[in-house]
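# Structural description and commentary
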Amino acid sequence: MKQPCRVLNAKQTGHEASSLREKLSRLVIGQDEAIEQIVDIYQAHLTGLAAPGRPVGNFLFLGPTGSGKTRTVEALAEALLGNPRAVIKIDCGEFQHSHEIAKLIGSPPGYLGHRETHPLLSQEVLDQHHTETVKLSFVLFDEIEKASDALWNLLLGILDKATLTLGDNRRVDFSRAMIFMTSNVGATEMGALNAPKLGFERHWGTEKHDEQRDRKMSRTGIAAARRKFTPEFMNRIDKIAVFKPLSEADLSRVLDTELAQVQQRILTSSSGKFFALTVSESGKRFLLEQGTDMRYGARHLKRAIERLIVHPLSNLIGTNQVNTGDWIEIDFDRMSNCLLFVARTDGRVPKAVSRTTARQPRISSAAA
Ligand SMILES: Nc1ncnc2c1ncn2[C@@H]1O[C@H](COP(=O)(O)OP(=O)(O)O)[C@@H](O)[C@H]1O
Ligand SMILES: [Mg+2]
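What this report covers is the structure whose coordinates are included nearby. (Residues numbered from 1 in each chain as written. Chains lettered and ligands numbered in written order. Predicted model: local features only at pLDDT ≥ 70, side-chain atom pairs only at ≥ 80, totals over all residues.)

### Considerations on the overall build of the chain
The secondary structure content of the chain amounts to 12 helices and 11 strands. Residues classed as buried in the chain amount to 36% of the 368 residues present. Counting only contacts in the chain whose residues sit at least 6 apart along the sequence, the fraction spanning at least 24 positions is 67%. (Helix = DSSP H or I, 4+ residues; strand = E, 2+ residues; numbered from the N terminus. Buried ≥ 20, exposed ≤ 12 C-beta atoms within 10 Å, placed from the backbone. Contact = placed C-beta atoms within 7 Å.)

Structure (structure tokens):
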């Protein structure tokens, strides 16, 4: 007789892990692989099945600049701790010389300046962002290819045993930390695979083509990391995520997210002028054109937003051309090839008009 049995769904995640996935997907565009990896590790942590005596998870993030590696860690802190800045960031480039390691772990007792040094990686620093409900720390080692040998040794200890011994022999426990390491090794080879995408007007590949290219990029990135880093290091990594260069469609979504953040900045600014902001479709297209440079990913787009939206807006605030309750519409003006700022009060009557050119923001106002 057949035993009764139930086929289980081992792919379904619990409520908290699913909620994290949803929040991360809203904050990080086009990097689902990395998000899934984080959710997997978080789920294992929540259910107590993570390997004991190690950090909660060790991640290696590869891929080109401006593809969201750092943003993903900040988004995780935002989603779980309510604060994107609750990330302990170690810029490995700043610790290239072994003597600079003292900044991280403090110097031994008796050394000159021992009392004045506050190690950057103490237990207090690690735990400072814990909340009532979430006792997790997020530690980011940026650009690990620049790390000195001394930093590597320290890192290997953290990744393997979840402990770090400070200069004065105190121990720091990393078993409640997720460790993220970023590197751009392989980014050049990966970029070459993406070469046909260059240029704004191009048609992006079909979905199938993109999938194949993404898989190839992942393989290329991981192979480059294996060539660059020792097996000892690679074996301590739980998850490797290869971040893809953002497509035109991704950048368009990043633009919406960033514009929402500009709106947020206005509503929380110290200027005391709280107004609403909308950008027309043609305005967004212009921003995307100005902000697309595949070498720098979303970084270039962010710079375009600062230059073409944020700085002109600060001029408008500084010259009292906008006031609380206004509604600022930003549109592309074909004639002058620049953005047009229109302030509307009630009844959609334009109150003032300002223009900015692509190269040189210029503000002028005229009653319409
Ligand atoms: N995938 C993405 N989703 C959303 N925003 C992104 C993404 N990639 C980059 N950005 C935006 O660009 C900025 C720079 O990206 P960043 O994460 O620092 O790049 P990386 O660390 O890969 O060089 C971020 O702060 C974010 O505002
Ligand atoms: Mg980064």
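There is more to say after this.
### Side note on the sheet that holds strand 6 (residues 177-183)
The 5 strands lie next to each other as 2-3-6-1-7, forming an open sheet whose pairing is parallel. Only two strands of the sheet have a single neighbouring strand rather than two, namely strand 2 (88-91) and strand 7 (239-242). Between one strand and the next, the sheet's axes are offset by a mean angle of 20°, whatever the strand orientation. As paired strands, strand 1 (residues 57-62) and strand 7 are joined by 4 bridges and run parallel to one another. Bridge pairing links Leu-62 to Val-242 in strand 7. (Pairing = 2+ DSSP bridges. Axes fitted to C-alpha atoms, helices over the stretch in contact; angles between N-to-C directions.)

### Regarding the site of ligand 1
Inspection of the region around ligand 1 gives 19 residues, with Gly-68, Lys-69, Thr-70, Arg-71 and Ala-298 positioned closest. Here the shell around ligand 1 is built from residues that sort into 6 nonpolar, 9 polar and 4 charged. Residue assignment places the shell around ligand 1 across two domains, with domain 1 (15-245) and domain 2 (249-357) each supplying three or more. (Near = placed C-beta within 6 Å. Nonpolar A, V, L, I, M, F, W, Y, C, P; charged D, E, K, R; others polar. Domains from an automatic or database assignment.)

### Examining unusual backbone geometry
Unlike most non-glycine residues, Asn-169 shows phi in positive territory, near 75°. Within the secondary structure, Asn-169 sits in the loop between strand 4 (163-165) and strand 5 (171-173). At Asn-337, a residue that is not glycine, the phi angle is positive and equals roughly 55°. Tracing the backbone shows Asn-337 in the loop between strand 9 (327-333) and strand 10 (338-344). A count of 12 C-beta atoms within 10 Å places Asn-337 in the exposed class.

### Details of the environment of Asp-250
Relative to the elements of secondary structure, Asp-250 occurs in helix 10 (residues 248-267). Separated by 221 residues in the primary sequence, Asp-250 and Ile-29 have C-alpha atoms spaced 6.2 Å apart. Non-local contacts of Asp-250, meaning those with residues more than four positions away in its chain, are made with Ile-29 and Gly-30.

### Let's talk about helix 6 (residues 149-161)
Taking 1.5 Å as the rise per residue, helix 6 with 13 residues should run 18 Å; its terminal C-alpha atoms sit 18 Å apart, in good agreement. Those residues of helix 6 that fall on the buried side of the exposure criterion are Leu-151, Leu-154, Leu-155, Ile-158 and Leu-159. For helix 6, the angular spread of the buried residues around the axis is 135°, confining them to a single face. The exposed set on the far side of helix 6, more than 90 degrees from its buried face, consists of Asp-149 and Asn-153. Elements that come into contact with the buried residues of helix 6 comprise strand 1, helix 4 (101-105), strand 3 (137-142), strand 4 and strand 6. Phi turns positive, to about 60°, at Ala-162, one or two residues after helix 6. (Expected span 1.5 Å × (residues − 1). Arc of directions from axis to C-beta.)

### Some thoughts on the packing of helix 10 against helix 12 (residues 298-318)
Contact geometry for helix 10 and helix 12: axes closest at 10 Å, N-to-C directions at 45°. By the angle between their directions, the pair helix 10 and helix 12 is classed as oblique. Read as a crossing pair, helix 10 and helix 12 show a hand that is right-handed. Mapping the contact onto sequence places Leu-251, Val-254, Leu-255, Glu-258 and Val-262 in helix 10 and Ala-298, Leu-301, Lys-302, Ile-305, Ile-309 and Val-310 in helix 12. Residues that form the contact of helix 10 with helix 12 fall into these classes: 9 nonpolar, no polar and 2 charged. (Parallel < 35°, antiparallel > 145°, perpendicular 65-115°, else oblique. Left-handed = near helix turned anticlockwise from the far one by under 90°.)

### Some words on the packing of helix 10 against helix 11 (residues 281-291)
At their nearest, the axes of helix 10 and helix 11 sit 10 Å apart, and the two run at 115° to each other. In terms of their interaxial angle, helix 10 and helix 11 are classed as roughly perpendicular. Here the hand of the crossing between helix 10 and helix 11 comes out right-handed. Contacts between helix 10 and helix 11 involve Leu-251, Ser-252 and Leu-255 on the former and, on the latter, Lys-284, Leu-287 and Leu-288. The residue makeup of the contact of helix 10 with helix 11, split by class, is 4 nonpolar, 1 polar and 1 charged.

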